[in-house]
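These are the residues of each chain, in order.
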Amino acid sequence: MAYPYEHPREERMLSRYFGEVDAIGIDGWIERGGYTALEKALGTAQDDVIQVVKDSGLRGRGGAGFPAGLKWSFMPKDGKAPSYVACNADESEPGTFKDRELMRWTPHQVIEGIIIASYAVRAQHAYIYIRGEFVDIVRVLNGAVVEAYERGYLGMNILGSGYDLDLTVHTGAGAYIAGEETGLLNSLEGRRAEPRVKPPFPAQKGAFGMPTTVNNVETLASVPHIVLNGADWYRQWGTEKSPGTKLFSCCGHLQRPGNYEVPLDFSLKELVYDLCGGPPEGRELLGVIPGGSSVPILTVDELDCEVSYEGIEAAGSFLGSGGLIAMDDSTCMVRAVRRMVEFYAHESCGQCTPCREGTSWLTKILRRIERGDGREEDIPLLLDVGSNMAGSTICPLSDSAAVPVVSSIQKFEDEYMAHIRDGSCTAKR
Amino acid sequence: MIKRAKTTQTITLTIDGREVTVPAGTTIWDAAKELGIEIPGLCHDPRLRPVGVCRMCVVDVGERVLAAACVREVADGMTVQTNSEKLERCRRTLTELLLSDYATESLREQKTGDDALLALARDYGIERSAIELPAGDGRPQDLSSPVIDVDHAACILCDRCIRACDEVQHNNVIGRTGKGYGSRVSFDFNVPMGDSTCVACGECAAVCPTGALTDKRLIVPIQPRNELDSVQSVCPYCGVGCAITYHVDRDANAVVFAEGRESPASDSRLCVKGRYGFDYAKHPQRLTVPLIRRDDSYPKGPLSSAVKGERRKKPGGLVDYDEVMPAFREATWEEALDLAANRLKEIKEKDGPSALAGFGSAKCSNEEAYLFQKLVRAVFGTNNVDHCTRLCHASSVAALLETIGSGAVTNVFADVHNADVAVVTGSNTTENHPVAATFIKDAAADGTTLIVIDSRETGIARHAHHFLHIKAGSDVALYNAMMHVLIEEDLVDHDYMRDFTEGFDGLRELVKKYTPEMAQEICGIPADRIREVARVFGRAGSALVFWGMGISQHTTGTDNARCLISLVLLTGNVGRPGTGLHPLRGQNNVQGASDAGLIPMVYPDYQKVASPESQKKFEEAWGVSLDPNPGLTVVEIINGALVGSIKGMYMMGENPFLSDPNGNKVRKALANLEFLCVQDIFLTETAEFADVILPATSFFEKYGTYTNSDRRVQVGQKAIEPPGQARFDWELVCEIATRMGYSMSYKSAEEIFAEFTSLAPSYSGLDYENLKPAGKLWPCPDPATSDGVQLLFGDGFPTESGRGKFVPVDYQPAAELPDDEYPFILNTGRILEHWHTGTMTRRSKALDAIEPEAACQMNPDDLTELGVDPDGYVKLSTRRGTITLRARGTPGVARGNVFVPFHFREASANILTNDVLDPFGKIPEFKFCAVKVEKAGSAA
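Basis of the calculations
- Residues numbered from 1 in each chain as written.
- Chains lettered and ligands numbered in written order.
- Predicted model: local features only at pLDDT ≥ 70, side-chain atom pairs only at ≥ 80, totals over all residues.
- Heavy atoms only, no water.
- Helix = DSSP H or I, 4+ residues; strand = E, 2+ residues; numbered from the N terminus.
- Rg over C-alpha atoms; globule rule 2.2 N^0.38 Å.
- Buried < 20%, exposed > 50% of the residue type's maximum accessible area, 1.4 Å probe, protein only.
- Contact = heavy atoms within 4.5 Å.
- Areas by Shrake-Rupley, 256 points an atom, 1.4 Å probe, with all protein chains shown as cover.
- Phe/Tyr/Trp six-rings, centres within 6.5 Å; stacked < 30°, edge-to-face > 60°.
- Lys NZ or Arg CZ within 6 Å of the ring centre and 35° of its normal.
- Domains from an automatic or database assignment.
- Buried area = accessible area lost by both parts, 1.4 Å probe.
- Salt bridge = Lys/Arg side-chain N within 4 Å of Asp/Glu carboxyl O.
- Nonpolar A, V, L, I, M, F, W, Y, C, P; charged D, E, K, R; others polar.
- Pairing = 2+ DSSP bridges.
- Patch = residues over 30% accessible without salt bridge, like charges linked within 9 Å, V, L, I, M, F, W, Y side chains within 5 Å.
- Polar contact = N/O pair within 3.5 Å; in protein donor to acceptor, adjacent residues only side chain to side chain.
- Arc of directions from axis to C-beta.

## Regarding the overall build of chain A
Part 1 of the argument: Tallying secondary structure elements over chain A gives 16 helices and nine strands in all.
Part 2 of the argument: For chain A, whose C-alpha radius of gyration is 22 Å, the value lies close to the compact-globule estimate of 22 Å for 429 residues.
Part 3 of the argument: Counting only C-alpha atoms and orienting by the principal axes, one finds that chain A spans roughly 75 × 45 × 35 Å.
Part 4 of the argument: Taking all 429 residues of chain A together, 62% fall into the buried category.
Part 5 of the argument: In chain A, the share of contacts with a sequence separation of at least 24, taken over all contacts with a separation of at least 6, comes to 71%.
Part 6 of the argument: Surface exposure of chain A reaches about 15400 Å², of which carbon and sulfur atoms provide 50%.

## Here we look at the packing of aromatic side chains
Part 1 of the argument: For the coordinates displayed, the defined rule picks out 35 aromatic pairs over all chains.
Part 2 of the argument: Judged by centre distance (6.3 Å) and plane angle (80°), the rings of Y603 of chain B and W622 of chain B are edge-to-face. Residue Y603 of chain B is located in strand β24 (residues 602–603), and its partner W622 of chain B is located in helix α24 (residues 612–622); the two are separated by 19 residues in the primary sequence.
Part 3 of the argument: Three or more aromatic residues joined by ring pairs form one cluster here, namely Y370, Y603, F618, W622, F753, F756, Y763, Y768 and W778 of chain B.
Part 4 of the argument: The ring of Y181 of chain B has K364 of chain A lying over it, and the distance from NZ or CZ to the ring centre is 4.3 Å.
Part 5 of the argument: Of note, R139 of chain B hangs over the ring of Y181 of chain B, and the distance from its end group to the ring centre comes to 4.2 Å.

## Things to note about the domain arrangement of chain A
Residues and elements named next belong to chain A.
Part 1 of the argument: Annotation of chain A at the domain level lists domain 1 (21–234), domain 2 (245–328) and domain 3 (333–422).
Part 2 of the argument: Its C-alpha centre places domain 1 at a distance of 27 Å from the equivalent point of domain 2.
Part 3 of the argument: Roughly 1300 Å² is buried in total at the junction of domain 1 and domain 2, and carbon and sulfur atoms are behind 52% of that figure.
Part 4 of the argument: At the junction of domain 1 and domain 2, the tally comes to one salt bridge.
Part 5 of the argument: With its nearest N and O atoms 2.8 Å apart, the salt bridge here joins K246 to E218.
Part 6 of the argument: Tallied by class, the residues present in the side of domain 1 that touches domain 2 amount to four nonpolar, six polar and six charged.

## Some points on the sheet that holds strand β2 (residues 18–23) of chain B
Residues and elements named next belong to chain B.
Part 1 of the argument: Read from one edge of the open sheet, three strands run β2-β1-β5, paired in mixed fashion. If you trace the sheet from one side to the other, it starts and ends with β2 and β5 (79–80), each paired once.
Part 2 of the argument: In this sheet, β2 lies alongside strand β1 (residues 10–15) in antiparallel orientation, the contact comprising six bridges. For I11, the partnering residue across the bridge sits in β2 and is V22.

## Some remarks on the domain arrangement of chain B
Part 1 of the argument: Domain annotation for chain B reports domain 1 (10–83), domain 2 (291–328 + 351–392 + 589–698 + 724–766), domain 3 (400–430 + 479–583) and domain 4 (824–936).
Part 2 of the argument: For domain 2 of chain B versus domain 3 of chain B, the separation of C-alpha centres amounts to 36 Å.

## Describing a nonpolar patch on the surface
Part 1 of the argument: Side chains of F66, L70 and F74 of chain A sit close together on the surface and give an oily, nonpolar patch of about 270 Å² of accessible area.
Part 2 of the argument: Structurally, L70 of chain A can be placed in helix α4 (residues 68–73).

## Examining the interface of chain A and chain B
Part 1 of the argument: Taken together, the contact between chain A and chain B spans 36 residues of the former and 35 residues of the latter.
Part 2 of the argument: Taken together, the two surfaces of chain A and chain B that pack against each other cover about 2800 Å², and 56% of this comes from carbon and sulfur.
Part 3 of the argument: It is R356, W361 and N388 of chain A that lose the most area in chain A upon contact with chain B, and together they represent 21% of the buried surface on that side.
Part 4 of the argument: The tally of links between chain A and chain B comes to four salt bridges.
Part 5 of the argument: We note a salt bridge from R176 of chain B to E194 of chain A, for which the minimum N-O separation is 3.5 Å.
Part 6 of the argument: For the interface between chain A and chain B, the tally reads 14 residue pairs in polar contact (both at pLDDT 80 or more).
Part 7 of the argument: Elements with a minimum of two residues in the side of chain A that touches chain B: α13 (333–347), α14 (353–371) and α15 (378–389) of chain A.
Part 8 of the argument: For the side of chain A that touches chain B, the element with the highest residue contribution is α14 of chain A, accounting for ten residues.

## Things to note about helix α19 (residues 516–523) of chain B
Residue and element names in this part refer to chain B.
Part 1 of the argument: All of the buried residues in α19 are P516, A519 and C523. Around the axis of α19, the buried residues are gathered within 60° of arc, so they sit on the same side.
Part 2 of the argument: In the core, the buried residues of α19 are packed alongside β20 (466–469), α16 (475–488) and α20 (527–539).

See below:
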């Protein structure tokens, strides 16, 4: 079956085999060239593997965009303490659904990336921390892990290299915050998924108090391609600061929502209007959230930019996870923001005061505005609470909750004022 | 072994424009403190691991995100701004966020008046009514705990209680539940605190900054600290000797609340008894007037219906004053003291000094113990003086004196942190020495390998890396087998043995036959496990051995202790950090009372009665000639009373009616005495048999020194005035002595202490001034600058040869083994909430509320087999007596075993126990006898 909504302008490095059932099993994967990158990596010194990933400019695809090779280089090289790699497959950012497709269609692409990464950072045990809700994908991954052990890609003395690695698939229990890398580590250890104070960073003190590298699924899936073909090959796509291709999970008011893989120098506007087909017939787009619900919303006038990290930042938002949410003129912005903030209020781990209390107050104030019970003073109050929630907590969830509030007030204050002054809504139903 | 490394590296940084240099690893908070900069905070407490969750202490370090000062470590060249408009706005918003949903009335503000959130609000000038944020849905209160009020509405989720519970006390009861706004602290799996596994140590309420967790009122309403007097003292209960500040309401003459204070022995920690068990002193049943038995109440016998064997009106409870008091009449001090002195004198003249005996108490101070033994020795003219140490560690002391020449611990319990391996054997540490247990649990969580050996799987076993659940009374076989393995595998310290020990050949010969396979048959531990644990012990760089009554209260108690000493000598684990022998002492002053000579065979500081030199020294000091023969021990004195050789007794604070083995025999013996003078704070079961009862002062009403298990001598200070005519124990001893013709007069307890220390070389140099505030360890050659000697015997032992002696011993079974008629094994001891014979703790509101009734502990499978319902009753019978009490299913008790706490007169464990003695320590076998268990309808 053809993967829904392919588009000829895509550059399908990661998603090439999406929709091909034969590519899921290990035989099909090997037929398609799978695990040759691993063989090559195991024949290369660890630091050289790190170097090629550094040279490729691959940046973390989970949202923060931290250079992957640099992250790996923080791991100790003396081999004195046990160390770990954790693949963050707890994909839960609203509007993001790319990792699950990578794991569903190409589990071995992900596993191969994990093994190479683990080899490079000298880890003895790797974990895939996956959302418990991905029940079917957990089955796919577990099957793929068994296959990889059977073929000698995992376990003792991998492919005769002398390198040993175990890989465990660990299911989460449905908390968004377990996707934060240190929350993930706590959850992996059997604790509440409460993010840890940083520093120390995971490369110093991660899982079980030992050095750990945490990488996103998409990041790790990109690794075999880079190792096999080299950094220059990878840099044929994208920009100097944002090389390569990226999957965009496009959803919301679009004619053809879905996952699209494009080079990082692609136009955001074309992604929305060309690949995704723009808004439904007869509708105008109001705005687009380009990188998951925790990045600022862009108005239609701000879409004329590259999808690179720096391009979207220049436009006033962030690339984030690449979860693109489009909203057309049928959207009540107050309601949409309230729904997003409610999500964060629900998912706050409750550790830090600004987040635990702040998300709850934002929700309550937004609710009363949406109901038509708001007061004009609520706007500065929202901005005040929002600004004091940001940048003062252990993890960025508090910032994430404040972002849609602050950015939507900046860009759609009229909609708020309509609710407050007239008790009406500007959405076109 | 992963231990925290100490660092000497330093870091220089700038805080608010000022440069400061601090050790690496210091937090910004502490570095700022160095400069005198106070950063506001709610979740941080210097005693707890910082977590940085309240975010009140955030500072600007020039990063995108503000850093929590309490948890962020300093870095070289870091520039920190602790105060700015942005930070102030942030902190102000935080305060508003917390306050807008805060409890309308803060229980902390109402009680101790130190609610930290309300104080912050005052600092920021925030009026609650002016906050524009919508109020929350309200969060509930939980008043289910007998000692702590929980108000979730006043909880700011600062995590302090969780860390106090998890990391200070290691009880792991409190956690978080829910997410976001629904987050809440929870007990166990979110049950009410009173229904949880909380042990009511109160550490959580002590660290809580708000009204969320507060102490309940005990005697009078809790009031702000600054309206109360604070008295620095110690705890009156166990041998840990926790340092306590008592906050006293002078008008009400009552302790209002207790707080742990800084001390090397307790690090401000307390347990439920120390924190909430002080109110007994104000109980209405305190004795306030001297009492004399009425003429018509002779011949003597039991007075209360329970003791007479009649059916009680209602089950449970303490001595029924209504039943007992009519047998006595009030008297003046003159009359009572004259009567006591005259009767004792008459007996001495008629039957000789050895017809008299005295029981002192390890609950009394060093001064009282010293004076009491002086009275018996110098005035009664006999060495028949003993106290409850006989019933707890007499065998340990006998073994220690025999092998290493000193009866005290060689190292303090807190040094367990430096041990590679710690052994805890025969000790239910979490219940009997709860605060010492916190140090052991700390160490176990931080890299010390903990080996627990016990016939019961108790609380401390849950923290063990190796738990050996041995069969009761099989200790010697196990330790001999461990030594067998150590010798066979050459895990012994040859250098140490060459330099500091003697008698190894005998030990090697004896343990040859104790193969792990042979020991397995006796102690029930698989041979491989014995080998494994022996290797762990043998390979340790440092090992510390703790033991309790499970070792000592056997007819083989001395043998058990000899084995432990041999294990330690064999591996050279004495005299270095993290090594040593530590018999955990029971009473708050059992070490001190023994040091003070409340023992029939030794004068103060273990100077032997049988030594003419010592005799001469004390004859000169006291100006009388002394009896050169060692006196009788506790059980021997009771036996003497039964056969009539002991005719007159003076008891200061002891209650043998409940505490001594074979209770029915004790009762007959007490009734058989010609004269008994009881000096106590309550009318005890023993006092039913008294001719004269003298009301004494409680711990809280007097000055005195107390020596803890570590050998730490601490000053107990007077907190409140005594009730009615009650007088100091030492004054009463002086009165009796003087009336018997030996003039004794002291101005103060301090003066008595000076006399005692002049005769006890170990205490030399100590006085009340240098003992404050945290006490000193004896010996303390230089009290002006030193805390005392922590590690003893690094360079040999105070024995004749200067060497530690191996005393090899064979395994012997207990004296009374189970048979067809009495098929179960009876074990007795204490529980967390109660103290010995319950006279204090059962009159403490909180402790009585938590554990109001006697209950034995049995394996649930045994109870099922006997058809006993959960919480149903059982009848326990031995060859000596029968009691009926509730049975609690306790999986940690092995099948075929019964554990009975001895605090409860209505189901007195010692009616059942066997008074057979260890031949060396003369300690009775409290931990083992044969018992029959039958299902019973209800309490008899």
